[in-house]
Amino acid sequence: MGELREPLRDLIECGLPQALEVMGERWSFMILRASFNGVHHFEEFLSELGIARNILSNRLAKLVEHGILKREPCADDRRKIEYRLTEKGFDLLPAMLALRQWGQKYGAEVVEDPVLVDEADRLPIGPVSILSHDGRILGHQDLWLTKRENVGLRADGSRATPGDMIGRGDVVDLAEAKKRAAG
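Residues numbered from 1 in each chain as written. Predicted model: local features only at pLDDT ≥ 70, side-chain atom pairs only at ≥ 80, totals over all residues. Heavy atoms only, no water.

> Can you lay out the overall build of the chain for me, pointing to particular residues and giving the numbers?
When helices and strands are counted, the chain shows seven helices and four strands. Traced from its N-terminal end to its C-terminal end, the chain shows the element sequence α-α-α-α-β-β-α-α-β-β-α. Each of the 183 residues in the chain was classed as buried or not, and the buried ones make up 20%. Looking at the chain alone, contacts between residues at least 24 apart form 48% of all its contacts between residues at least 6 apart. Surface summary for the chain: the accessible area is close to 14,100 Å², and the carbon and sulfur share equals 53%. (Helix = DSSP H or I, 4+ residues; strand = E, 2+ residues; numbered from the N terminus. Buried < 20%, exposed > 50% of the residue type's maximum accessible area, 1.4 Å probe, protein only. Contact = heavy atoms within 4.5 Å. Areas by Shrake-Rupley, 256 points an atom, 1.4 Å probe, with all protein chains shown as cover.)

Okay, here's the thing in structure tokens:
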């Protein structure tokens, strides 16, 4: 991944340890998965996940504290509390899907049912991929670490400028992106 290495001893300088501090244990991920599946109430989490009450209370509080979930009074009964995903919480969906797909690929034989599909055509979603700024699918061999001041500086000394970024809902021709990535 280039001539540089991440400063592995300086854990605070990397987003991964910070993310693991919040999400780095099984129950946080299971609560998040339940939230993506429409579970909102403490008692629902309790019965759906089979988690101990004190652990659930602790994990929900931590997810709220870090802005992944928010606590709201129920619309139909203001005495009840709902836990809803925030934008920050929804931003964890690609990571959740990547971990799920990895588990399906390398874990025990799992037949997915129900199947996660694209709402538009109801076909299964593709694998979560690393995309370049212009939509090319990247593999581990395509990744490179560089100092911030050298972003865009090519090996030949010329400078690259980013093209149009891919946005939510944009269509990427995966076959074409794979051809470009293969060279």
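> I'd like to hear about unusual backbone geometry, residue by residue, with values.
A negative phi holds for most residues other than glycine; trans holds for most peptide bonds. Residues Asp113 and Pro114 are joined by a peptide bond in cis, for which omega reads 10°. Mapped onto the elements, Pro114 comes out in the loop between α6 (93-106) and β3 (130-131). You will see that Arg122, though not glycine, has its phi angle at about 60°, which is positive. When you line up the elements, Arg122 lands in the loop between α6 and β3.

> An account of the environment of Lys62 is requested, with residue identities and associated values reported.
Residue placement: Lys62 occurs in helix α4 (residues 53-65). Each C-alpha atom, one on Lys62 and one on Met23, is 9.3 Å from the other, the two residues being 39 residues apart in sequence. Once you skip the residues sitting within four places of it in the chain, Lys62 turns out to touch Glu21 and Val22.

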